[in-house]
Amino acid sequence: MKIAFRFEARSDTGLKRSKNDDSGYGGRFLAVVADGMGGHVGGDVASATTVLNLTPLDHPDFEDGTGSVYLADEIQSANLIINELAANDPQLAGMGTTCTALLIDGDCIEFAHIGDSRAYRLRPGADGEFEQISTDHTFVQRLLNEGRITPQEAENHPHKNVIMRVLGDVDASPELELKTLDAVPGERWVLSSDGLDAVVSLAEIEQVMRSTDDLSEIADTLVAMTLERGAPDNVTVVSLQVIDREVLPVDEPVGPSSLPESALPDSIVAEQEVSTNTQKLPEVAATAEAAEAFLGAHHDEDSEEHHRRSLRRFRRARDFSGTLLHSGSGAVRHHIGTYDNAVDAALTNAAILRSELGSRPHQLVGAASVATETGMIPAVTSRTLEHRATVAQRVPLKVESDEAALPAELEELIAEDTEERSRPRSWPIRLFITLLVAAVLTLAAWTGLRYVERSYYVGESDGTVAVYNGIPHALGPIRLSHVVENTDIPTSELSDHTRSLLRNAITAKDLDDAHQIVSRLKTQADQTREKAEQAAASASASASASPSSAAPSEALSSGAPGSDSTSPAPELATVSSAPAAEGGENNG
């Protein structure tokens, strides 16, 4: 039975932070929470980049159950983009983000996690099991796992928030926690940033999840509890329930996404105080309608070529991302002559991304929503759009209905890139590459054969010590060594340790070194044989002497022939008389 998600997503800046660095996404087949970090700048960029780069995976099925591969690959791709953005702008150096994601593939849930965001699962039924599926990749959790602190000490540890693993942070290949989980309809999930568990206990989260199957109520209650307790950090909650896919409406779209076309709500604009790197350029409109109006005005025939040039700039976001991150930066002032182009790029970029996210049910919250709705983080949207176009070309997604078409602009860009990559290379280049590969393979094979020919080791052959030429390995049925010298040294006369070494091969530098090893083994065998012979001779002598052992005692008791048997030996008489003489002298 194939499954899907019901979902609700909420995010709040909290009461102590000036901006929201969290991003969250809930969809029919994908759910993600990312908690960005990096000081006053960077956190929102990192979390929005991660979430927006994963949303193309929100599709029903993957070929041959490869959802886990694509999920891990896209998280790694997001990590590379974050590092690239940081390298292009010093103010973003050190930014990073957590990522906790669920992806449905058939009847299973693929789980990927890094950082200290949380994933909780509640099995259906009154007594359904509740458990935390994710592991906190924190310094305190490591101490807890090693038994160096207690759970009570962990709660108040001064380094509780030190994270050991995140995306970004100049790590080219971060270690992800990956699992494939079975799923049953009715089970509920909560994904959350650490702003929730910082003030709401595990028992309270479980209680809320058990109290109702209304996902909106679960998400709203958990966020409200966080705010009531001071909300020292941003908080993001995505609540989910697994359902049978058959209950979904037959005509429900399964395309790229479905963000509302309305303007960004005033409440969000009022609460969202953005940092320097997320400031809008002065001419960038605050709403989605303004961006769409800009696109409509540039679709006439006279400006078609200008529009095509703008789209090309999105596919090469790294060429101009530095001019978009900071409205007051020197890069913007340097490019003041092309400032309108940068503004056009930010406007058009956000509108295209929103259009690509426009056909399947979902909820996008936090920094990722701001970036998509308004273009307030243009470097994210530009780099993300470039990556999503690449994903659309290479991910072999399989859907149960017709695949949703990409916007015409993206289709055109993809077609141009595909045509350029498919042009055959000229024959001289192909010949050169072929010859180079052949030469490298030949050199590697020759080097390997020379190494094998010059190698020797001492081993065992038919119960005796032997010298081998080669190495003690095989390539399939082909052995890479052969016996060059047999000896008459039985391995049975060697110690257990030496026999073990022979079975694993004693490596020699060359043939002379092998002979020296054999000589030492022969000496050991001879010593062992001599000890055995001496022990046998000693045992034989003891056995032959035992019948006459009574003779001395008989002679001692009877005395020598013709002697007085009652008279003690002279030595014994002398020894026995000494004390008496000494005693008499003392008495006198």
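Residues numbered from 1 in each chain as written. Predicted model: local features only at pLDDT ≥ 70, side-chain atom pairs only at ≥ 80, totals over all residues. Heavy atoms only, no water.

Draft legend 1. Examining helix α6 (residues 202-211) more closely. Among all positions of α6, only I205, V208 and M209 are buried. Mapping the buried residues of α6 onto a view down its axis gives an arc of 95 degrees, with all of them on the same face. Structural note: α6 exposes A203, Q207 and S211 on the side pointing more than 90 degrees away from its buried face. Residues of α6 that are buried make contact with β8 (118-122), β9 (130-132), β12 (188-192), α5 (194-197) and α7 (215-228). (Buried < 20%, exposed > 50% of the residue type's maximum accessible area, 1.4 Å probe, protein only. Helix = DSSP H or I, 4+ residues; strand = E, 2+ residues; numbered from the N terminus. Arc of directions from axis to C-beta. Contact = heavy atoms within 4.5 Å.)

Draft legend 2. Spatial organisation of the nonpolar core. Counting 35 residues, the largest nonpolar core has V32, L54, L71, I75, M95 and C99 as its most contacted members. Residue assignment for this core shows that the elements contributing at least two residues are β3 (30-37), α1 (43-54), α2 (67-88), β6 (99-105), β7 (108-114) and α13 (367-374). The contacts of L71, once residues within four sequence positions are left out, are L54, L57, A101, L103, E110, F111 and A112. Judged by nonpolar contacts, the second largest core, of 24 residues, contains F7, A9, L181 and V238. (Core = buried A, V, L, I, M, F, W, Y, C linked by side-chain atoms within 4.5 Å.)

Draft legend 3. Seen up close, a nonpolar patch on the surface. Together, I429, F432, I433, L436, V437, V440 and L441 make up a nonpolar patch on the protein surface, roughly 660 Å² of accessible area in all. Take L441: it is sitting in helix α16 (residues 427-453). For L441, a relative accessible area of 57% gives the class exposed. (Patch = residues over 30% accessible without salt bridge, like charges linked within 9 Å, V, L, I, M, F, W, Y side chains within 5 Å. Areas by Shrake-Rupley, 256 points an atom, 1.4 Å probe, with all protein chains shown as cover. Salt bridge = Lys/Arg side-chain N within 4 Å of Asp/Glu carboxyl O.)

Draft legend 4. Broad picture of the environment of T523. Within the element layout of this structure, T523 appears in helix α18 (residues 511-545). In this structure T523 comes out as partly exposed when scored by relative accessible area, which is 39%. Between the C-alpha atom of T523 and that of I489, which follows or precedes it by 34 residues, the distance is 9.7 Å.

Draft legend 5. Examining the packing of aromatic side chains more closely. Per the counting criterion, the structure on display carries 3 aromatic pairs. For the ring pair F62 and Y70, a centre distance of 5.8 Å and an interplane angle of 25 degrees mean the geometry is stacked. Across the pair, Y70 and F62 agree in class, each one buried. Between Y120 and F130, the aromatic rings sit 5.9 Å apart at their centres with planes inclined by 15 degrees, giving stacked as the arrangement. Highlighted residues: Y120 in strand β8 and F130 in strand β9, separated in sequence by 10 residues. Under the relative-accessibility criterion, Y120 is labelled buried at 0%. (Phe/Tyr/Trp six-rings, centres within 6.5 Å; stacked < 30°, edge-to-face > 60°.)

Draft legend 6. Broad picture of the pattern of salt bridges. Scanning all chains against the criterion turns up 21 salt bridges. For E131, the salt bridge goes to R121, with nearest N and O atoms at 2.7 Å. Here E131, found in strand β9, pairs with R121, found in strand β8; they are 10 residues apart in sequence, far enough to count as distant. Looking at E131, the relative accessible area reads 23%, which means it is partly exposed. A salt bridge links R165 to E175; its shortest N-O distance comes to 3.9 Å. Note that R165 is positioned in the loop between α4 (151-155) and β10 (167-168) and E175 in the loop between β10 and β11 (177-182), a separation of 10 residues in sequence. Where salt bridges share partners, they join K2, D61 and R245 into one cluster.

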